[in-house]
Amino acid sequence: MSYLNLTNPMHLFAVGFGIGLKFKAPGTMASLLMLPVCLLFIQLSLLVKVLLALAVLALCLAACKSVIDLIGYENKNKIACDEFLGMLLSVMFLGADEWFLAVVAFFLFRFFDMMHPFPISWVQKRIPSFCAVVADDFYNGLLTALSTWIIGMIISSNSYTAGF
């Protein structure tokens, strides 16, 4: 996309460091490439995870605003940074030894991202376009975190602590 300036750090981040421009399924590829990062992320304390997730959220919103203003909302599939945020949120409450649940979270996140569960499609139509790009992955990340927590509880016979 010649109108994107990939020397601009916001544009480069928005397209997932090129993932959104090179792959037919950029959301899946960005999520998959985030999995090793998520395995490191779950090693951190909850406070650090929350602070990092908030920083990524702010960066995603700014990057999406910058790029959507150039390419238009109809080309939102080129944006991949929202998957980074969604995957981080998906594993937010996992503990350091729960790598298997991080892998489960990847599959759940992709499932929810493809299904667009209620109310995200309704919400996306009522917020600014750059926020809509991020909102679905934010919501799906939280939904995945909740689902993964429930799976962890079932696996651990109700003694699951969600990394607290």
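Now for a quick tour of the structure. (Residues numbered from 1 in each chain as written. Predicted model: local features only at pLDDT ≥ 70, side-chain atom pairs only at ≥ 80, totals over all residues. Heavy atoms only, no water.)

1. A few points about helix H6 (residues 99-115)
Working note: α-helix, 3.6 residues per turn, so residues spaced by three or four point in the same direction.
Here is step 1 of the chain: Helix length check: H6, at 17 residues, gives a terminal C-alpha distance of 25 Å against a target of 24 Å (1.5 Å per residue), a fit within 8%.
Here is step 2 of the chain: Of the residues making up H6, those classed as buried are Leu101, Ala102, Val104, Ala105, Phe106, Leu108, Phe109, Arg110, Phe112 and Asp113.
Here is step 3 of the chain: Its buried side turned inward, H6 meets helix H3 (26-41), helix H5 (81-90) and helix H8 (129-155).
Here is step 4 of the chain: After H6 finishes, the residue histidine 116 shows a positive phi value of roughly 50°. (Helix = DSSP H or I, 4+ residues; strand = E, 2+ residues; numbered from the N terminus. Expected span 1.5 Å × (residues − 1). Buried < 20%, exposed > 50% of the residue type's maximum accessible area, 1.4 Å probe, protein only. Contact = heavy atoms within 4.5 Å.)

2. Description of the pattern of salt bridges
Here is step 1 of the chain: Using the criterion set out here, one finds three salt bridges in the structure.
Here is step 2 of the chain: A salt bridge links lysine 65 to aspartate 69; the nearest nitrogen and oxygen atoms lie 2.9 Å apart. You can see lysine 65 and its partner aspartate 69 sitting in helix H4 (residues 46-71), four residues apart, about one turn around the helix.
Here is step 3 of the chain: Of the charged contacts, one joins aspartate 113 and arginine 110 as a salt bridge, the two residues approaching to 2.7 Å between their closest N and O atoms. Placement of both aspartate 113 and arginine 110 in helix H6 is noted, with a separation of three residues, approximately one turn of the helix.
Here is step 4 of the chain: Classification of aspartate 113 as buried rests on a relative accessible area of 8%. (Salt bridge = Lys/Arg side-chain N within 4 Å of Asp/Glu carboxyl O.)

3. Some details on the nonpolar core
Here is step 1 of the chain: Residues Cys60, Ile79, Cys81, Phe84, Met87 and Val91 are the most contacted members of the largest nonpolar core, which totals 37 residues.
Here is step 2 of the chain: Among the elements of the structure, helix H1 (9-14), H3, H4, H5, H6 and H8 are those that each provide at least two residues to this core.
Here is step 3 of the chain: No other element matches H4, which puts eight residues into this core.
Here is step 4 of the chain: Beyond its immediate stretch of four places on either side in the chain, cysteine 60 contacts Phe13, Cys81, Asp82, Leu85 and Val134. (Core = buried A, V, L, I, M, F, W, Y, C linked by side-chain atoms within 4.5 Å.)

4. Things to note about the environment of glycine 152
Here is step 1 of the chain: Residue position: glycine 152 is located in helix H8.
Here is step 2 of the chain: On the basis of relative accessibility, which here comes to 1%, the residue glycine 152 falls in the buried class.

5. Considerations on the side chain of glutamate 83
Here is step 1 of the chain: Assignment of secondary structure puts glutamate 83 in helix H5.
Here is step 2 of the chain: You can call glutamate 83 buried: its relative accessible area is 5%.
Here is step 3 of the chain: There is a polar contact of 3.5 Å between the side chain of glutamate 83 and the side chain of serine 31.
Here is step 4 of the chain: Those residues in contact with glutamate 83, other than ones at most four positions away along the chain, are Gly27, Ala30, Ser31, Phe109, Arg110, Asp113 and Asp137. (Polar contact = N/O pair within 3.5 Å; in protein donor to acceptor, adjacent residues only side chain to side chain.)

6. Topic: the layout of surface pockets
Here is step 1 of the chain: A volume near 390 Å³ is recorded for the largest pocket.
Here is step 2 of the chain: As for the largest pocket, its lining consists of 21 residues, of which Lys76, Asn77, Ile79, Asp82 and Glu83 are closest to the centre.
Here is step 3 of the chain: At four residues, the largest contribution of residues to the lining of the largest pocket is made by H8.
Here is step 4 of the chain: Taken together, the residues of the lining of the largest pocket break down into seven nonpolar, five polar and nine charged. (1 Å grid on protein atoms, 1.4 Å probe; cavity = no way out; pocket = protein on both sides within 12 Å on 5 of 7 lines; lining within 4 Å. Points joined across faces, edges and corners; volume = space filled by probe spheres on them. Nonpolar A, V, L, I, M, F, W, Y, C, P; charged D, E, K, R; others polar.)

7. Let's talk about the side chain of lysine 49
Here is step 1 of the chain: Counting through the fold element by element, lysine 49 comes out in helix H4.
Here is step 2 of the chain: The buried charged residue lysine 49 lacks any salt bridge, with glutamate 98 as its nearest oppositely charged partner at 6.9 Å.
Here is step 3 of the chain: Of the polar contacts made by the side chain of lysine 49, one reaches the backbone oxygen of methionine 92; its length is 3.1 Å.
Here is step 4 of the chain: When sequence neighbours within four positions are dropped, the list of residues in contact with lysine 49 reads Phe41, Ile42, Leu44, Val91, Met92, Phe93 and Leu94. (Lys, Arg positive; Asp, Glu negative; His and termini not counted.)

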